[in-house]
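# Inside the fold
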Amino acid sequence: MKKCKLFGAMFFAVSLFLFSSSAATAASISYSLTDLGAQEANLWQIDYQVSGFDSDAYDNLLISFEYGKFENITLGSVSPGWDVAVNQPDFIYGAEEDGSLDALVENPGGILTASFSVQALFLGTGMPGTQNFELVNSETWEAVDQGTTSPVPVPGAIMLMFTGLAGLAAT
């Protein structure tokens, strides 16, 4: 009985951790990375998956590319129904300006999903990580919500974690 309660508490804590970050914003944006380093050193493809995008509340998505960490950003694939542009990070009027993927819904209405991809040179060490994003109402230019992209979880890693937790609960 004691083991069952321990496992239940651990399962609840892990579930809360895994799902609490996605509840912080109305839309969630996950990403996956592909190392294109064989073509050019530090060249990455970043594939974004957008879900829960409430186009009645906001119709514009901005994903930031931090100045000094990214350059030569090019747009790849785009979901139909979106007008997308890429703005390069730059040094403008003496200030560092982040770049962005700027995606506008062409015909707002309802909860949408979308996918986008870009290729970019990553100037940092290791691999690109999370990025900030804003959800904007293009009529008022009000930032309705903001958040951080999250990596697509690797199914094997999640299963390994739950197997380990089950093993702990069984002992």
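Heads up: the structure comes first, above all this text.
One structure accompanies this document, and this report is about it. Note that the structure is a prediction, hence the values are computed from the model and not measured. (Residues numbered from 1 in each chain as written. Predicted model: local features only at pLDDT ≥ 70, side-chain atom pairs only at ≥ 80, totals over all residues. Heavy atoms only, no water.)

Scanning the chain from N- to C-terminus turns up two helices and twelve strands. Each helix and strand of the chain, placed in order from N terminus to C terminus, yields the pattern α-β-β-β-β-β-β-β-β-β-β-β-β-α. The buried share of the chain, reckoned over its 171 residues, is 29%. A fraction of 67% describes how many contacts in the chain between residues 6 or more apart in sequence connect residues 24 or more apart. (Helix = DSSP H or I, 4+ residues; strand = E, 2+ residues; numbered from the N terminus. Buried < 20%, exposed > 50% of the residue type's maximum accessible area, 1.4 Å probe, protein only. Contact = heavy atoms within 4.5 Å.)

The subject of this paragraph is the nonpolar core. Core analysis: the biggest nonpolar cluster contains 26 residues, and Y48, F53, L61, F65, W82, L101 and F116 have the highest contact counts within it. Secondary-structure elements contributing two or more residues to this core are β1 (28-35), β2 (43-54), β3 (60-65), β4 (70-78), β5 (82-87), β8 (99-105), β9 (111-122) and β10 (132-137). Among residues more than four places away in sequence, those in contact with F53 are A27, Y58, D59, N60, L61, W82, V105, G110, I111, L112 and L135. (Core = buried A, V, L, I, M, F, W, Y, C linked by side-chain atoms within 4.5 Å.)

This next bit is on the environment of G129. Looking at the secondary structure, you find G129 in the loop between β9 and β10. G129 sits 96 residues away from L33 along the chain, and the two C-alpha atoms are 9.2 Å apart.

Read from one edge of the open sheet, five strands run β4-β9-β2-β1-β12, paired in mixed fashion. Each edge of the open sheet carries a strand with a single partner, namely β4 and β12 (150-151). Taken together, the five bridges between β4 and β9 define a ladder with antiparallel strand orientation. Among the inter-strand pairings, T74 is bridged to a residue of β9, identified as Q119. (Pairing = 2+ DSSP bridges.)

A few words now on the environment of Q119. Along the chain, Q119 falls in strand β9. Q119 sits 72 residues away from D47 along the chain, and the two C-alpha atoms are 8.8 Å apart. Those residues in contact with Q119 that sit more than four places away from it in its chain are L36, L43, W44, Q45, N72, I73 and T74.

In this section: the sheet that holds β8. If you trace the five strands from one edge of the open sheet to the other, you get β5-β8-β3-β10-β11, paired in antiparallel fashion. Edge positions in the sheet fall to β5 and β11 (142-148), since each of these pairs with one other strand and no more. On average, each strand axis in the sheet is inclined to that of its neighbour by 20 degrees, with strand direction left out of account. Bridging between β3 and β10 involves four bridges; their strand directions are antiparallel. The residue bridging L61 from the neighbouring strand is L135, located in β10. (Axes fitted to C-alpha atoms, helices over the stretch in contact; angles between N-to-C directions.)

Together, D90, E96, E97 and D98 line one region of the surface with negative charge. Within the element layout of this structure, D98 appears in the loop between β7 (95-97) and β8. (Patch = residues over 30% accessible without salt bridge, like charges linked within 9 Å, V, L, I, M, F, W, Y side chains within 5 Å. Areas by Shrake-Rupley, 256 points an atom, 1.4 Å probe, with all protein chains shown as cover. Salt bridge = Lys/Arg side-chain N within 4 Å of Asp/Glu carboxyl O. Lys, Arg positive; Asp, Glu negative; His and termini not counted. Charge placed at Lys NZ, Arg CZ, Asp CG, Glu CD.)

A few words now on the pairing of β8. In summary, the side chains of a regular strand alternate between the two faces of the sheet. Summarising burial for β8: five of the seven residues are buried, a large majority. The pairing of β3 with β8 spans six bridges and is classified as antiparallel. Its bridge partner lying in β8, S64 is registered against S100. The pairing of β5 with β8 spans six bridges and is antiparallel. Note that in β8 the partner of V86 across the bridge is L101.

Quick look at the side chain of N60 now. Note that N60 resides in strand β3. On the basis of relative accessibility, which here comes to 2%, the residue N60 falls in the buried class. Among the polar contacts listed, one links the side chain of N60 to the side chain of D102, at a separation of 2.8 Å. Within polar-contact distance, the side chain of N60 engages the backbone oxygen of A103 at 2.9 Å. Sequence-distant contacts of N60, defined by excluding residues within four places in its chain, comprise F53, D102, A103, L104, E134, L135, V136 and W141. (Polar contact = N/O pair within 3.5 Å; in protein donor to acceptor, adjacent residues only side chain to side chain.)

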